[in-house]
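Reading the structure
Listed below are the residues making up each chain.
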Amino acid sequence: MRPSLRAFFLSPTLLFRIPIIFYFSRIFETPNDLTMKTTAYCVFLIFILTAPSFLAAQSSNGYPGINTKVRPDAKASAMNALPQIDGDVLADPAWQAVQPLSELWQIQPNAGQPASEKTEIRIGYTAQHFLLSVVCYDAQPGNLVVADARRDAPLDNTDSFIFILDTYHDGQNGFVFGTNSQGVEYDAQVNNEGQGNFNPNRQVGGTIGGVNINWDATWEVKSKVGDFGWSAEFAIPLRTLRFSPGDNQTWGANFQRNIRKTNETAYWAALPIQFNLYRLSLAGAISGLKLANQGNLKIFPYALARADRDKLSANGDWKTTADAGIDLKYSLTPSLTLDLTYNTDFAQVEVDDQQVNLDRFNLFFPEKRPFFLENAGVFSVGSPGEVDLFFSRRIGIGDGGNLVPILGGARLSGRINRTNVGVLSMFTEEIDSKNIDGNNFTVARVSHEFAQRSSIGAAFLNRQGTSGEEDDFNRTMALDGRLGLGKKAQLSGFFSKTATPGLDDKDHAFKFQANYLWNGLEINTAYTEVGQGFNPEMGFLLRNAFRKPELLVLKQVRMNGKFGLLELRPHVSYRGYWDFAGFQQTGFLHIDNHWEWQSGLEVHTGINFTTEGVSTPFEISKGVTVPQGTYRHREAQLVLMTNQSKVVSFATRHILGGFFGGARYANTVTMFLRLGDKFSSEFTLNNNDIRLPYGDFTATIFRSRLSYSFTPRVYLQSLVQYNSTQKLWSSNFRFGWLQAANTGLFVVLNFNKNQNAVDNQSLIIKYSRVFDILNRR
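Nothing here was measured: the structure is a model prediction, and the numbers come from that model.

**Digging into the pattern of salt bridges**
Applying the stated rule across the entire model yields 31 salt bridges. For glutamate 185, the salt bridge is made with arginine 151, and the minimal N-O distance between the two is 3.0 Å. One end of the pair, glutamate 185, is in the loop between β7 (174-180) and β8 (186-190); the other, arginine 151, is in the loop between β5 (129-137) and β6 (160-166), with 34 residues separating them in the sequence. No difference in accessibility class separates glutamate 185 from arginine 151, as the two residues are buried. Close ionic contact of arginine 306 with aspartate 308 constitutes a salt bridge, the shortest N to O distance being 2.9 Å. Overall, the relative accessible area of 25% leaves arginine 306 in the partly exposed class. Given the relative accessible area of 25%, aspartate 308 is considered partly exposed. Linked through salt bridges whose partners overlap, the residues forming this network are Arg151, Asp152, Glu185, Asp187 and Arg713.

Okay, structure coming up:
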């Protein structure tokens, strides 16, 4: 074989070009729209011709000036006693005896360059705590930006320090902790390097899975501001974490500092421009940790009183009830935890955001309940947001959002050597008045991790009715895996089958995906198929019975300040859905460029070529029915975001174009307003003006979020919404006085009212507390 041919067939880019050729061939076969077909051909040819040169041009170091082959390392210092945690690092002799880390490297605005401000990081530990201190020197300490003082408030738009601990040193999973100059507590869990799934539901953007910011641990942080800048101290009980005990243990770690006056982000372990703190396979290492088994037994009792009134009921009077329950958490080993819950309650959780459905498919509402969010990554399998085999909202939340009482249950989750394990079993109550049967929901999940970001796993899910009927069950079985190809590429996928009485044909679903991500270039290809009889009753399906190819090609181009620009992100993506008869249900070709300025201004300019195939007429709005047919359109898309670290900032999204044979003018405008570090607010107006040959209508959602933080642990929040399609006003007011691990006093007031069918209120007072039975501090 000639050398040039050998190089072509052995090239890793061939892995991506073959499925891309197949996917685009499906586009070329189906559309009759000349503009769409011509555009697809142009994108296809440009990619095939330029992909090899794109990849060949990538530096082996990921970006000029960044050497990813050499990772930093540090040694933790054993400390005889816990320092005084008050944020005053410079005046504490215990910290001054520890050698600091001081080299951080920018990822923006000047990738590969040293951070513009000095940072000192010191790492220590005692028999019971992991300890870290940071001194963030700043030449202008009077200009520090603090955007929000709430616990778990985002730290991206504030002067902040964040770090991640890979306690198993597996390069995949970790715990995140962070703070700002006001001592805000921020923590999260990361699975699979934070990789989620792009949500194809156009009503709910973003990614799902990978990062759980609702994980709330028991730990302590304090900060101090001075003429030097600001400093902070962290004390994290080892029993809060999961790790392997032993002498001279090594953890993966990385540290991130945000300097808002220059819109700067810097890391200890320097990263290529497309990655963030969650890229644990490129993290540094902390060695010298001598870790012993930590006993962990915590009890979380709660008591609750509530008053409810439905004005449209027979008497319309207030009804008062009281309740109590308890949760228990016990660490069987430092890496394996048992959770028990009885009479589980989530009264303090924020209500769902209102959504408007403008197509024939299901809306996705994310999980917000803490019990199910903790260690959620262990149980995740499938394609979250689209073919999600375990969707925890199926437990305790019925059709239409009706709450179903949870009697109790158990969860075992953690790790045995390199194997992640999770078992969850929950019981829900029967409600005769709402025709809701009692059920047991059980999921068992195992996933073994190998080197090079690879794994193989399996899952079994079972819903079993508790009424005793033999055929009242639904089961899902799945296999999944990932194969890492060096640091830059990865293959992944899953295969699943369901068992439902009366459904035997085509009860399968699978997805295979290939991803390349390095030096600012991202190529992602995937194929998903869901059979007509696939019925995961414990999961979520965005739509039923489809075949879906998809492709994304994105390139980040650093502009180094030219025209004030930080970065350009030209990209093209395509996703298409066909049924099993070959009829195209949806096609979406997106061509876009993101323009990001160093000032924080960001603009997205795109065009979409859409196909919607309607096989059965459906009512899109009251009195407006979309007839059978295939609708091909074009639409312009414009997104604008200003710097959200400012006192006032805006984010807008506009789509103008064809829609089911007519036109759609969709506009979303959000204003963010903050006053100091105490008050933050967000006002959103989403308006869809739909003009169709068979009827016109508008769909509007208004949303207002207000938050006032008396301290980082005492807050008052409100969420007020209006949904024009239901003519529904809803309000959710929450007061929280937090103690450890998101326990404390909660007062919740809810109002729901529309013109005809809904007029109800509720007042809930809940108190919960954590008892750390084995706390030896």
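**Quick look at the environment of glycine 382**
In this structure, glycine 382 sits in strand β20 (residues 382-383). Note: C-alpha distance between glycine 382 and aspartate 480 (98 residues apart in sequence) is 7.7 Å. Each residue touching glycine 382, except ones within four places of it in the same chain, is listed here: Val387, Leu389 and Phe494.

**Here we look at the packing of aromatic side chains**
Across all of its chains, the model carries 26 aromatic pairs by this definition. Both rings, one in tyrosine 137 and one in phenylalanine 228, keep their centres 6.3 Å apart while their planes meet at 70°; by these two values the pair is edge-to-face. In this pair, tyrosine 137 is assigned in strand β5 and phenylalanine 228 in the loop between β12 (220-226) and β13 (229-237), connecting sequence segments 91 residues apart. Among the residues examined, phenylalanine 228 registers a relative accessible area of 17% and is labelled buried. Clustering of aromatic rings is evident, with ring pairs tying together Phe161, Phe163, Phe177, Trp219, Phe234, Phe255 and Trp268. Directly above the aromatic system of phenylalanine 473 lies the positively charged group of arginine 475, at a separation of 4.2 Å from the ring centroid. Here lysine 766 stacks its cationic end above the ring of tyrosine 302, 4.8 Å away from the centre of that ring.

**Some words on the confidence of the model for the chain**
Per-residue confidence for the chain gives a mean pLDDT of 86, with 89% of residues at or over 70. For residues 3-62, every residue scores under 50 in pLDDT, and the model assigns this stretch 89 contacts once sequence neighbours within four places are set aside. When the criterion is pLDDT under 50, residues 197-208 qualifies, and its contacts beyond four places in sequence or with other chains add up to 41 contacts.

**Observations concerning the nonpolar core**
In terms of nonpolar packing, the biggest core is built from 37 residues, with Ile123, Phe130, Phe161, Phe163 and Phe255 touching the most fellow members. Contributions of two or more residues to this core are made by β4 (119-125), β5, β6, β7, β13, β14 (246-259) and β16 (284-291). By size, the runner-up hydrophobic cluster in this structure holds 31 residues, among which are Phe364, Val381, Leu461 and Ala509.

**What about a nonpolar patch on the surface?**
A surface patch of nonpolar side chains, about 400 Å² in accessible area, is lined by Val647, Val648, Phe650, Val669 and Leu675. Elements with a minimum of two residues in the nonpolar patch: β39 (648-659) and β40 (662-675). Inspection of the secondary structure puts leucine 675 in strand β40. Classification of leucine 675 as exposed rests on a relative accessible area of 52%.

The rules behind the values
Residues numbered from 1 in each chain as written. Predicted model: local features only at pLDDT ≥ 70, side-chain atom pairs only at ≥ 80, totals over all residues. Heavy atoms only, no water. Salt bridge = Lys/Arg side-chain N within 4 Å of Asp/Glu carboxyl O. Helix = DSSP H or I, 4+ residues; strand = E, 2+ residues; numbered from the N terminus. Buried < 20%, exposed > 50% of the residue type's maximum accessible area, 1.4 Å probe, protein only. Contact = heavy atoms within 4.5 Å. Phe/Tyr/Trp six-rings, centres within 6.5 Å; stacked < 30°, edge-to-face > 60°. Lys NZ or Arg CZ within 6 Å of the ring centre and 35° of its normal. pLDDT = per-residue confidence, 0-100. Core = buried A, V, L, I, M, F, W, Y, C linked by side-chain atoms within 4.5 Å. Patch = residues over 30% accessible without salt bridge, like charges linked within 9 Å, V, L, I, M, F, W, Y side chains within 5 Å. Areas by Shrake-Rupley, 256 points an atom, 1.4 Å probe, with all protein chains shown as cover.

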